[in-house]
Structures are given as structure tokens and as C-alpha cells.
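# Structure assessment
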Amino acid sequence: MGVTARLTVARDSVAIDALVKKTSNKDANSNILLGSALLNLSAFDEKDILVGFLCLDDVPCTRLGHGAGPAASWTQEAAGERFKLGSTAFVRVCATDPLYEIEAASALLRAAFLHIPSLQRLLMAAGGELSFTEPGLSSVFSRVASSKEAGVVLYEASRETVVPPLTIRPARVEDHDDMLPILQRCERAFPALSKLPESSRPDEPFALTRVVAGQDERNRVLVAEADGKLVGFIVMTSDVDTGNLAETFDLHPFDNFLPPEMYEQQYEEARTVVRERKLAQLRAEAARREQLEAEAAAQAEGAESRDEAAGETAAPSSNPPSAQDTGAGDAPAGGGEQQQEEGGEAEGADSGEAAAVDAATEPSISAAEAAILAEAEPTEEETRAEMLALFAGTALEVEPTLFAVTMLCMDPAHEAQAHEFLGPAFAAFNDKLYCVITLPHDSHEPALMDAMTRVAPLPGSLFPEVLFMFNRHALIPDFFVRLGTPDDLEQVATLVAGMPNSADICASFTGAAAAGTAVVAMCQNELVGLCTVNPEVDLELLQANFALSSHVDLAYQPRAQHGEIDMYTMNPIFVHRHRSFLAASMRLLGKAALYYALPPGQQPPDMQEVLAQVAPRHRTASEKQLQAEFALYAFTRQAAFKRRRSVNAQIVIAGASECGLAVLERLLLDPDLQFNYLTLLAPGGIKVGGMVCQYTAGVIARLGLEARVLLLDAEMTGLERDSHIIHLSDNSQLSYNQLVIAAGLQDQSRYRFAEVDPEVAGLLVTELELAADFTMNDALVMNNILVYGSGLGAYHALSVLESKSAIDKTRFLAPPGRQAPLVGVLLAMAAEIGLALPQPELLDIASLTIVKPVGPELHATAMVVEPGNPAAPSEEVPVDLVVGCEPPSVSHALFACLNDASLVFDGRLVVDSAFRTNDPSIYAGGTIAKLSRRFSGAHLEFYNSRDVGTKLAASLVAHFTAVAAAGSDGQPDTAAPQLTGLHRARAVGCSLPGGYHFMFAGGPAAHAAPSLHAPENGNEIVTTTDRGQTRMNLNADGVVHSIMYLGRVPISAQRMGCLVGLHVNYFNQLLPRYQAGEIRDLLAFLTEPWAELLYNESFGGLREMLLELGLATMSLGERNAEGGLVKWVTNAQDTLLEFTRARASELPGYNMPSAART
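In this report, the structure presented in the accompanying data block is examined. (Residues numbered from 1 in each chain as written. Predicted model: local features only at pLDDT ≥ 70, side-chain atom pairs only at ≥ 80, totals over all residues. Heavy atoms only, no water.)

## With respect to the nonpolar core
Grouped together as the largest cluster of nonpolar side chains are 66 residues, with contacts concentrated most on Leu39, Leu54, Leu56, Leu122, Phe141, Phe581 and Leu582. The greatest single-element share of this core, amounting to eight residues, is contributed by helix 4 (residues 101–115). With near-sequence residues (within four places) excluded, phenylalanine 141 lies in contact with Val91, Leu109, Leu122, Leu123, Met124, Leu130, Tyr155, Glu156 and Ala157. Among the nonpolar cores identified, the runner-up in size contains 64 residues, and Ala649, Val740, Val911 and Val948 belong to it. (Core = buried A, V, L, I, M, F, W, Y, C linked by side-chain atoms within 4.5 Å. Buried < 20%, exposed > 50% of the residue type's maximum accessible area, 1.4 Å probe, protein only. Helix = DSSP H or I, 4+ residues; strand = E, 2+ residues; numbered from the N terminus. Contact = heavy atoms within 4.5 Å.)

## What to know about the pairing of strand 37 (residues 881–884)
Residues of strand 37 alternate between two faces, with Leu881 and Val883 on one and Val882 and Gly884 on the opposite face, all of them buried. For strand 31 (residues 764–766) and strand 37, the ladder comprises three bridges, and the chain directions are parallel. Across the sheet, valine 765 pairs through a bridge with valine 883, a residue of strand 37. Pairing analysis gives four bridges linking strand 32 (residues 785–788) to strand 37, with the strands arranged parallel. Across the sheet, tyrosine 788 pairs through a bridge with glycine 884, a residue of strand 37. (Pairing = 2+ DSSP bridges.)

## Here we look at the pattern of salt bridges
Counted under the stated rule, the structure contains 51 salt bridges. A salt bridge links aspartate 57 to arginine 637; the nearest nitrogen and oxygen atoms lie 3.6 Å apart. With aspartate 57 in strand 3 (residues 50–57) and arginine 637 in the loop between strand 21 (631–636) and strand 22 (645–647), this residue pair connects regions lying 580 residues apart in the sequence. By the burial criterion, aspartate 57 is buried, and arginine 637 matches it. The partner of arginine 277 in a salt bridge is glutamate 386, and the shortest N-O contact between them spans 2.8 Å. Residue arginine 277 is located in helix 10 (residues 260–314), and its partner glutamate 386 is located in helix 13 (residues 380–391); the two are separated by 109 residues in the primary sequence. Given a relative accessible area of 37%, arginine 277 falls into the partly exposed group. (Salt bridge = Lys/Arg side-chain N within 4 Å of Asp/Glu carboxyl O.)

## Details of the side chain of glutamine 608
Here glutamine 608 lies in the loop between strand 19 (593–598) and strand 20 (612–613). Accessibility expressed as a relative area gives 11% for glutamine 608, which makes it buried. Side chain to side chain, glutamine 608 and tyrosine 633 meet in a polar contact 3.0 Å long. Setting aside its immediate chain neighbours within four residues, glutamine 608 contacts Tyr633, Ala707 and Arg708. (Polar contact = N/O pair within 3.5 Å; in protein donor to acceptor, adjacent residues only side chain to side chain.)

Shown next as C-alpha cells:
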């Protein structure tokens, strides 16, 4: 019977509690265990039925149902030297179905040791001898101590007992027949590590035999056996091109894989070359400045002499200057010359003395020379660049300190033990310090990579593979964790020596050690890691700005169990110990969750990969709540040993639109996949703003893009699909495995006029750029501003100019016949409430011509014409600024790029329901894309861009998940799924002159044909007050079709958009109460406390889940069965109560029934 074990998740709780109750007649309280224990594992049979549960803790305890009172104190004493935090754990709960006891116990215990690599020993305190009904446990646990008084027996199980180590030996030619099947199985799952070297003639028979037979001092092959059966092999070589690696990766932390003395020699040689070059440049520049100053002084002196001579000639001879006057007049000149000469003599004397001193003792230099010497000191970046220039491609005089793994093939059942090859591998290359592996970006990682360090590539690298490294010293097993003490400060200083913030780390450690909130990692009595924790956490701030309830349950975890990581550092050799170190730190400090706040611009911590990023809130419960300006990461008890699968594919998102940002957000927050190579092309930076913006500056800060995304200020100008290369506007190139085009639609005024005269580009801005950058000073110096276009952005631009007192200097122009449909809705609403909005002059700008600039500002003249009337006179008007507000369209440059790449374009970039173009490695979404006719042909600009981006990213996630599950070589599944779940409304709006605001939110149908009125057979709910008009249109089924507002109150368009798509029954009897005349202010009614749940960001997902369950119940014919739909309604109510309880801090207006609080 096949039994598998995995990490326990919340949905397992009910089955776990039932199993524990059945086997031990005790209550497990698994929800509490999930948040407090070290590790929870569940075992399932082939029908996915729970048959086992294992809970481990990192504090001495007795097994559930086996002793209490004196048993606990005796257990702690008996554990003694056997218990070492970080490498030992106690069994708190172990429950197995009697029919599966042996299989479930074996799977659970094996999974425990494989999930925690540092775990060396399990201890279990049970109330007496292990029962014969638990043979799975009794076969691996040995009795080590007992107490009749306490009624407890202490058992121990070592890693070797549960996971027998592999037998590793050199390969022999006769192993070929056993190695070949393993190679063939791995060729699909890990093709890069199953590729035979060219020297073995892989296309001919017995190539593997030739690899084994070709072993020598530089090439080794090892095989692994389990129970006498060959289960894996590894091929290694010390012939490695370190020069090629040094040109591609940052190898300086590893001494460029050179012996330390050779690296230091090259480093100092490069420093000397850089220093001498900079000295020569600086001294030449100083000499040039001195010469210019001397020439200027000579010219000034000559001019002064000529002035004096002219004065003497003009003076009357009868009134010569007196001797006293002459002395007074000549003294400054003569004295100055004398001082200059004396200064020169003194300087000459100093130079002579300096030369003498230089010859005898230490040189004495001038302040200017000292400044030059200081400025000439090479920076670390300059030195490393010079090392690359000096030594790249040169033959090494010494052997590098590494060997490389070229093949690694394991039987799937033993793949998790591949790290056992490392010890024998280093023994085979006894003089090497590092082991390296390279993998293509589109290959998924084998289990061995969990023990290795990913090496960062150099900026601009086009190297097609990822480099992993392992240091020999990381094999040292003596790793443990304890509380830090003030006596550790000296070792802490040694650990952080050379870091730019070493003084801050030492100061933080000193304070934390005194307060008992510092933890250290030790290895062979050497301090190799430290963590200081601030026990005070502002949970209110975190809950208001982040989806904290997705990671912790505050009902079970009081404030005292939360802490914030202040300082953290680990010796790079032991980076694979991050999880064990942080888990032990939480136990020592009594914490269930640790948080790390990362402000923008700060270097991410080296343990970031083991932390889970907490999703930022796009909408806070109250706009008055304090906004967090940092990204938040969490490390919790229940997820301490949950490993996300690494994805090293190079994913490039072209365009920082809301869709592009949503793709990034979804990928960054994926709970199962870790995307390591994300790049965002954001020409001009990430622009945020506007009343309907879903990615405000605060949300961008809380996303922490800089920590995990490469941001490039460049746009795509060329695309080579065959070689997967992107050409950028800064003349650089970028490799990709998956490309996402999300550039969106933009106003094209700037590009249209700049094509004729590039200089005019500086005069043109968009309404968002105007809102972000236009200042009161600009309003003062500019006299002629044109707002050009008739979209909603034009009214927003007029509002901005009005707020800066520049409206009187502004003309509003728009070509006839180009009015955006939503402008018609705005004007109709304005007419209903009697609001007079500015109307554009129906004129077009034929050309823009730069006038010769006077000063730094640009000035131009615009030729304004009346389209369609050639007889009408043209008008030449002066222009200081043009605000482009035309209906957005696709950039001409981007269209040319896509067209040259032969991507299907039909007014928009055509995609399938998985957002793939006709090239399966190129995706597109947002306003630039449309579905193919096979999938309705709908334009995605009518959908919520964030929703589209999230679904596009989900398609990428599904692709990588399917590739990993199938063990394929990365070829995508060609079957396109049905496009579902695009439920968020698209909200648009703007500020208006006069302090008014307009908002329109609706689904795709509402945006495809915007209207003030409800669809046929629908209902309209309209209220008008002194604050403005609010309209809600219902379709014939009573579902909200659109909602719009025009008035003086600034409202959250995204919050109002949450209501679109909901049935009117969600709104507290809105329709009958409106028809009865009770609702006089719809906006006020929809913002009352009862509606807060509807605006919660997680409510949409809850609603979808309940609907799916309800539909499934009815489809199974349970509607009329006993308890059928009634049972579902009861479960739905319980689920809603649990949802509200878990988010009580987000929903303060709701009173919870007492039964739901527990």
C-alpha cells in the first residue's frame, strides 16, 4: 500500500483531530499545534485519506497521552546531553491508522529527517514500553532511559536508523547495466544533469562505460547503493574554465575560486594599476587647472597694469601724486608681488625639504596632493573590474580550488539523499575547497540544490546557466544554537568584520544580549551566525497594511509570541542552515512568528529565500490608518520547513503597467514557487497616481520589488524569438525564457510630434506626469499651456492645473470626433446635477516647432487648425507645455517590434485563454492584448488590469508546476484552459475642475458599451444629494452591472468596484428599501459599517469558494437529500464566521457570536 507524507496544512485539521481521538482518546488541538510545533506532517494513502500524523517539537515534552506532571520534569532532566537545539527534536504526537501503522510511521519519520537536514536525533518520552500495536515505531526507536516514579520511558531514533545512509564508492565498468536505467529515467526529469560528455561519444553504444573507464585524477565517477542496489551516480571533473565563470558571476566572495594567496596577489596588482591610472588622471587634471588659473591671473595682472598706465597718462602734470599716495597705491601691488615671490620661495623650500624627507624618511605632501592620493584610492568595484580586464582569459599558474559536477542521476526514491555524495566527492578531490554545478535557467532544481548556494550573476550577463556552489567546510556537522551572551561580542565582531554596518550589528547585539533577545549559531566553538530580535511588534500597523491573517492566526498566537528580526547574519558557508537557525531562535525566544521589515533601497537579507513575503493590502480598512512604507516578510512555526520549489527561468515583464505589476505581485507571493530571475522593463520608472490607481506608491513600497526584481529603465526595441534575446533602448541585450508583454496603451501625442522633431518631446507630458511633477513654480514661469485631447485624462489635467493656479494660462483643445465613450457618461451625469464642465475647442495641432530657447526652458509654437475645413485660417500659438490626453493606443515603436517578430497582431496583440501569443514562450496581457476569436475575441482593456495580470501569472505558475510534475524538459502544454475567474470590476475616473470627482466601475459588458442607464429589464438606483450623484445599475438578474459617482467627496474607486458583480441581495435589503423611499443617499448607505465585509480583499475568494461548493452539492443531487442544501448552508455560515473571526481586526464593526470566538 502506497503511503506518502507531506507537510500538514490547515484543511487537514478535522481529519487529524478525529484520527488522534480514535487512536489515543485524546484531543490533539491540531490548529494550535500548527502554530506552535516545530514540524507537522500528515500521511495519506493512495486514495488521499489521512492515515497518519506526526508532530515534532524542539523542547523536551512527553508524547500526547503518555504521562503528565512529574513526567515532564523527568523528561527534561533525562534528555540532558542528548538534546541539542537545532539537531534534536521530541515527538509530541504520533498517531497512525492501525491498518497502515508500519507504512505511515516509516513515511512520517523519513519525511521528518528529510525536511530538516540538521536533524540528527528524535527523542520520544512515552508512558511505558512501546506497544506491539506500533511496530513501525518500535523498529526504529531504542530505549535509552526510564523512570518508574514518573512512569515514563525515553526512546531515541537516530537519522541513520530512519534514513539509512547510502553506500558510496567509486564506479566500476561493470556498474554500467545498473547505471543505465537510472540515466534513462533522469534524462526526462533533469536533462542537463543527464547529458553525457562529448568525449564519451554519446551517440554510440556504451558511452556511459567510456565515462566510467575514463576516470583519472581530474575526472571521477561515484555510485550510491542502498541495500546492495545501485540507486544513483555522480560524475565530476576538476577541468573547469574559471575565467569564463569569473566573467559572468560575482566570484569575489569565493576568491574567484583561486588559492587565497593568488587571489590576494591579483587583487593588489589590480589595485595598483587602478591607483596609478587614477593618480595620473587626477594629477594631469590638477596641472591643467593650475595652468588655467595661472593664465587667468596673468591676464588679470596685465589688465591691471594697463589700467594703471592709462591712469598715469591721464593725470595732470601739475598735480603729481605725493610720495605718501604713491606708497599707498603701490604697496598692495608691490606687497602682493613680494608675497607671491615669498610664497613661491617658501613652496620651493617646502618641495626641497619634501624631497629630502622623501629620500630620508617619510614624505611630507601638500594638502592638495593628499586629496589627490585619497581620491585615487580604488573602489571595490573598480578593483574587481580591473582584475577581470587583467586576468580574464590568461592561463592560470595554479590549480583552481573547485571541481564541477557534470552529471547527477538518482533514483526518485533516494533523490533527497543526493547530498550524501558531497562528503565522498570532496574526499575524491582532497585539495579542492568548492564544488560547483551549473544548470540551464529552464531546468528545475534537483534536491541537492537545497544544500548549495546560488551565485549571483554580474549585471548584464547573458550566460545561459545558473551557478551553484558548496563549500567543503559546510560539511561540518557540529552545528547548534543557543542564546547569545555579552561574552560573545568578540566573536561577533570577528564574524561581521569588513561589513559596512559592522558597528551597528555589534551595537545591536550588545543591547539584545543584555536583554536576552540575541541568538547565536555555533560550529566547533566558533560563532557562525547571529540573530537579534525586537520583542515589540506593532501588530496593528502590520494588520492594517498586510494580509497577516494568511500567515498567522492571532486568535491562537498572542502578542508576546511575535517578534521582529533586527539584525541577522550568517557565515556564507552555512547558508543552508537558515531554517534550522531561525526555527531554533523562535523556540529559544518563545516566538511563534518572526517578521522582517525591508524598506525601499535597503539590501535584502541573506536569509530572504527562507522567509515568506506577506501580501500587501491594496485597500486598508480605513484611509486614516498609518501606511507602512516597507515590504514585510514572515517566518512562522507552521511554515518553518516548507520549501518553495525554485524557478530559475528568466522571466521578463515588458511594461510597468498595472497588469505588469500584478504579474510580478502574483509571482513574488506564490506560496509554492520561488522565482529567482524576474526582470521588469520600466522606461521612465514605475509611475503611480490617479484616483483609480491600484498600485499606489505605498503598495509599491510594500511589494519590495527592488529586493527580488531587476528593474531596468529601458524599453523593448527589438525581439529575436529564435535566440530568446530582447534588444533594449539603451543598446543592451537581455535573455529570456518567458516574456510577458504588458506595456499597455498610452497617449501617443509625444511620439507623434517627436517623430517630426525630437526636440519637442521635452514639451509633452501625460496627465499622470503632470499630476506627479507639475509645481507651483512651473505655473509661475509658464504662460501658455495646451491640454490636448478629449479623454477623461484631459479633465484630470485641467483639475491639476486649476489646483496650481495655472488654469487661466491653459487652452483646452481636442480633435473633433475623438471623444472617449466614458466622457459621454460624465457629461450626462454632469448635466443631471447641473454641473458645467469645460468644453474643448474642436481644433487640432498640426505641428509643433521649437523656438530658439532663451535660458533652460523650452518654448515652441503650435500650428492649430480646424480639421475638415481647409478654408479655415490656421492659428500660430506660443506653447510652453502640451498635456497629451488623446485616447490611448499602442506605441508605434512597440508595434513595429512585435510585427517584425511575427507575433499575431489584430488591433491588439492576440492571445489564447492562457494569455499566450502565437509564440508559447511569449505572453501578453492588459490593455495591449485581446483574446483570439476562438476565445470570444474580447479586448482585455475592458477587464480589470490587476485581475488580468494575476490570471496571467497564474498561467505561468501552472506552466512551471506542470513541467515539474511531468518531469519534462520545459516544453509547455499546448492545451489552453478555459478563461475563468476574471471577476474584479474595472474602475476608471478622474478629478474634475471645481473640486469634483468622477468614478465609473463595471464589468467588461459595462465598459464595452458605457451607459448612464441600466441594461434592458434592469433596475436603476439613483440618489442625488448636495454631495453629488451616485448611481447603481442592476441587470435583469439583479446583479450589479455598473456603479458610478459624480460629486465633491473623494471616494475609493477600487472599493466601489468591489460591489460590481454582486447580487443586490448582498446589500442589506437595498432594493426594497430604496423603492420604499428609505435610501436617500446611496453613497452613505454603501459606506456604513455593515458593508465593510464586502470591501475586504479576501471576500471575493471566499464567495467564489462557497459558490463552487454549493454548485457541486446541487450537481451531486444533494439538494433534496437528507440534510443536503441545508447542510451546505450551515457549513457556509460556519465558514463565514470562521473567516470573520480570523480577520476580526480588519472588520471591527462586526460583533462575533460567542460560539465563533473559540
